[in-house]
Amino acid sequence: MFMGSVLTIRGGVPLAGKVTVRGAKNLVPKAMVAALLGSAPSVLRNVPEIKDVDVVTSLLKLHGVEVTKDPVTGDLTMDPANAMMAASKDIDAHAGDSRIPILFCGPLMHSIGEAFIPDLGGCKIGDRPIDYHLQVLRNFGAVVDKRPGGISISAPKGLHGAKLELPYPSVGATEQVLLTATRAEGITELSGAAVEPEIMDLIAVLQKMGAIITVQTDRTIRIEGVEELGGFNHKAISDRNETASWASAALVTRGDIYVEGARQLDLTAFLNTYRKIGGAFDVTDDGIRFYHPGGKLSPLVLETDVHPGFMTDWQQPLVVALTQAEGVSIVHETVYENRFGFTDALVRMGANIQVHRECLGSVPCRFGQRNFLHSAVISGPVQLHGTDIDVPDLRGGFSHLIAALAANGTSRVTGIELINRGYERFQDKLEGLGADFDVTESADAGTGR
């Protein structure tokens, strides 16, 4: 029997007020892993209180890294001086919590010569195979052995630079190369790399440690391996995905939310789309105000893409807003093949959404001939009504919260623990924005994924 939280939301209340967004979920855990590469302590600032940070903190401690948290600022200090191999059963205890363990491989092999990676969990929104991660490590000279419950990786002859080409600009694979190549002997050249803001911030972290990394204009990253790295002192960039989620919440509930910490430069594609739909925003030095200016929302045609395109994580919250636009909108998902599963709950709430296997867009797509439901047609506006919802994944779950907040009537949301992976103190923030809800504990409340 699983005990979980149930969020009971009474919708129809415009959200208004201020929320603060701190370090990006897609950067902070990876920067924490990078601390393993150093010969001196590292300090990471602007760290959010999210589940993924807790998981990586535990994994670092299991591997002998001393992690201390400033009780006032929340800054993390990580000292890898006593790094060591962790027991597989201890690592296994975290296998279902996060997919981050795969990124420990390179740093662990540099620091202690071996790594063990358990079977991986994470959001159920697509294949996200680790095969390419393992092939990358083999290209550097690693030996990969499959064992019960996970994978053992070693480098008896050391790690050496390699020339690599990604078939798709994967963020995870790019992170793997960066974390492995910085201390590998020789030069590594990665073409077809991801260049998201979080990747660039990770490069900034590694450069502070002493890495030599060049990013070229054609998505090629060149890393000159160095024998030793020091520590870093770094303030993580703010979470653009959480920012976009609160912006969508303001639009759907006809509210007014100031997101402290939001950065315009990282949100250019989102802000353009937000304005086209009919949302309004004001940029200040310290954040961005998002609000519904009144009047009708407009439909549009949207395709997700890798940076600098419209990010896949922004798609799900925005789809909820498009249910309130007057007319037909089309959304073509080109990054993850199964990201429209969350629309089932929206349809039960009254949304008019049809999902299709065809590519309803112009961006070249990997999924068109593979029978995935990766395009959506949304007709609006509709009045959403409350229903029972089980959170399917991180962004989809927050999108369900947004829909419930805008709906007529009461919604009962289970599985909200998954939202804690990427949204810091989201219940406190909802309360501060005036949302009408309460939280109870219940047996078998959601899946606990």
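Residues numbered from 1 in each chain as written. Predicted model: local features only at pLDDT ≥ 70, side-chain atom pairs only at ≥ 80, totals over all residues. Heavy atoms only, no water.

(A) Fine view of the overall build of the protein. A count of helices and strands for the protein gives 13 helices and 23 strands. Taken along the three principal axes of its C-alpha coordinates, the protein extends 65 × 45 × 45 Å. A burial count over the protein gives 55% of its 449 residues as buried. A separation threshold of at least 6 residues defines the contact pool for the protein, and within that pool the share at least 24 residues apart is 75%. By element, 48% of the accessible surface of the protein is carried by carbon and sulfur atoms, the whole surface being about 17,300 Å². Computed over 41 positive and 53 negative side-chain charges, the inter-centroid distance for the protein is 2 Å. (Helix = DSSP H or I, 4+ residues; strand = E, 2+ residues; numbered from the N terminus. Buried < 20%, exposed > 50% of the residue type's maximum accessible area, 1.4 Å probe, protein only. Contact = heavy atoms within 4.5 Å. Areas by Shrake-Rupley, 256 points an atom, 1.4 Å probe, with all protein chains shown as cover. Lys, Arg positive; Asp, Glu negative; His and termini not counted. Charge placed at Lys NZ, Arg CZ, Asp CG, Glu CD.)

(B) Representation of the layout of surface pockets. Reported here for the second largest pocket is a volume of approximately 310 Å³. Forming the boundary of the second largest pocket are 20 residues, of which Val 252, Arg 254, Gln 324, Val 382 and Gln 383 lie nearest the centre. When residues of the lining of the second largest pocket are traced back to their parent elements, those giving at least two are helix H8 (240–252) and helix H12 (394–406). Looking at the lining of the second largest pocket residue by residue, the class counts come to 10 nonpolar, seven polar and three charged. (1 Å grid on protein atoms, 1.4 Å probe; cavity = no way out; pocket = protein on both sides within 12 Å on 5 of 7 lines; lining within 4 Å. Points joined across faces, edges and corners; volume = space filled by probe spheres on them. Nonpolar A, V, L, I, M, F, W, Y, C, P; charged D, E, K, R; others polar.)

(C) Structural view of the UniProt feature "binding site: UDP-N-acetyl-alpha-D-glucosamine" (unreviewed entry) in the protein. What UniProt calls "binding site: UDP-N-acetyl-alpha-D-glucosamine" (unreviewed entry) maps, in this numbering, to Arg 99, Asp 313 and Val 335. Among the structural elements, Arg 99 can be located in the loop between helix H3 (88–92) and helix H4 (105–111). Within the secondary structure, Val 335 is located in the loop between strand E18 (327–332) and helix H11 (343–348). The class of Val 335 is buried, set by a relative accessible area of 12%. (UniProt positions renumbered as here; feature names shortened; annotations may be inferred.)

(D) Geometry of the pairing of strand E15 (residues 280–283). With four bridges connecting them, E15 and strand E16 (residues 287–291) associate as antiparallel partners. The partner of Phe 281 across the bridge, within E16, is Phe 290. In this antiparallel pair of consecutive strands, E15 and E16, the connection spans three residues. (Pairing = 2+ DSSP bridges.)

(E) Region of the structure containing the environment of Val 439. Tracing the sequence through the fold places Val 439 in strand E23 (residues 436–443). With 96 residues separating them along the chain, Val 439 and Thr 343 place their C-alpha atoms 24 Å apart. In this view, Val 439 contacts Ser 5, Val 6, Leu 7 and Gln 427; residues no more than four positions away in its chain are not counted.

(F) Region of interest: the packing of aromatic side chains. The full count for this structure, using the stated rule, is nine aromatic pairs. With centroids separated by 5.3 Å and ring planes inclined at 85°, the aromatic side chains of Phe 310 and Trp 314 adopt a geometry described as edge-to-face. Residue Phe 310 shares its accessibility class with Trp 314, and that shared class is buried. Note on Phe 398 and Tyr 423: the rings are 4.2 Å apart at their centroids and 10° apart in plane angle, and the pair reads as stacked. Note that Phe 398 is positioned in helix H12 and Tyr 423 in the loop between strand E22 (410–414) and helix H13 (426–432), a separation of 25 residues in sequence. (Phe/Tyr/Trp six-rings, centres within 6.5 Å; stacked < 30°, edge-to-face > 60°.)

(G) Region of interest: helix H2 (residues 51–62). The terminal C-alpha atoms of H2, which comprises 12 residues, lie 17 Å apart, in line with the 16 Å expected from a rise of 1.5 Å per residue. Positive phi appears at Gly 64, one or two residues downstream of H2, with a value of about 85°. (Expected span 1.5 Å × (residues − 1).)

(H) The pairing of strand E14 (residues 256–260), seen in detail. The sheet contact formed by strand E2 (residues 16–20) and E14 spans five bridges and is parallel. Each residue of the ladder has a partner; that of Val 19, found in E14, is Val 259. Bridge count between E14 and E16: five bridges; the pairing is antiparallel. If you follow Ile 257 over to E16, its bridge partner there is Phe 290.

(I) Structural view of the environment of Val 382. When you line up the elements, Val 382 lands in the loop between strand E20 (375–380) and strand E21 (388–390). Residue Val 382 is classed as buried on the basis of its relative accessible area, which comes to 19%. Once residues within four sequence positions are removed from consideration, Val 382 is found in contact with Thr 323, Gln 324, Gly 350, Ala 351 and Asn 352.

(J) Region of interest: the domain arrangement of the protein. For the protein, the assigned domains are domain 1 (5–21 + 238–441) and domain 2 (27–235). Both faces considered, domain 1 and domain 2 share a buried interface measuring about 1,900 Å² in area, 51% of it formed by carbon and sulfur atoms. On inspection of domain 1 and its partner domain 2, the count reaches two salt bridges. Here Asp 52 and Arg 421 are joined by a salt bridge, their closest N and O atoms 3.1 Å apart. For the pair domain 1 and domain 2, the interface holds six residue pairs in polar contact (both at pLDDT 80 or more). The class makeup of the residues in the side of domain 1 that touches domain 2 is six nonpolar, six polar and 10 charged. (Domains from an automatic or database assignment. Buried area = accessible area lost by both parts, 1.4 Å probe. Salt bridge = Lys/Arg side-chain N within 4 Å of Asp/Glu carboxyl O. Polar contact = N/O pair within 3.5 Å; in protein donor to acceptor, adjacent residues only side chain to side chain.)

(K) Region of the structure containing the side chain of His 374. Considering the arrangement of structural elements, one finds His 374 in the loop between strand E19 (352–356) and E20. Polar side-chain contacts of His 374 include one of 3.5 Å to the side chain of His 332. There is a polar contact of 2.9 Å between the side chain of His 374 and the backbone oxygen of Phe 372. Contacts of His 374, omitting those with residues within four sequence positions, involve Val 331, His 332, Glu 333, Glu 337, Phe 340, His 356, Arg 357, Glu 358, Cys 359, Cys 365, Phe 367 and Gly 368.

(L) Just the environment of Leu 179, in detail. One can find Leu 179 in helix H6 (residues 171–181). The sequence separation of Leu 179 and Pro 308 amounts to 129 residues, and the corresponding C-alpha distance is 23 Å. Sequence-distant contacts of Leu 179, that is, excluding residues within four places in its chain, are made with Lys 30, Val 33, Ala 34, Leu 37, Leu 103, Gly 106, Pro 107, His 110 and Leu 206.

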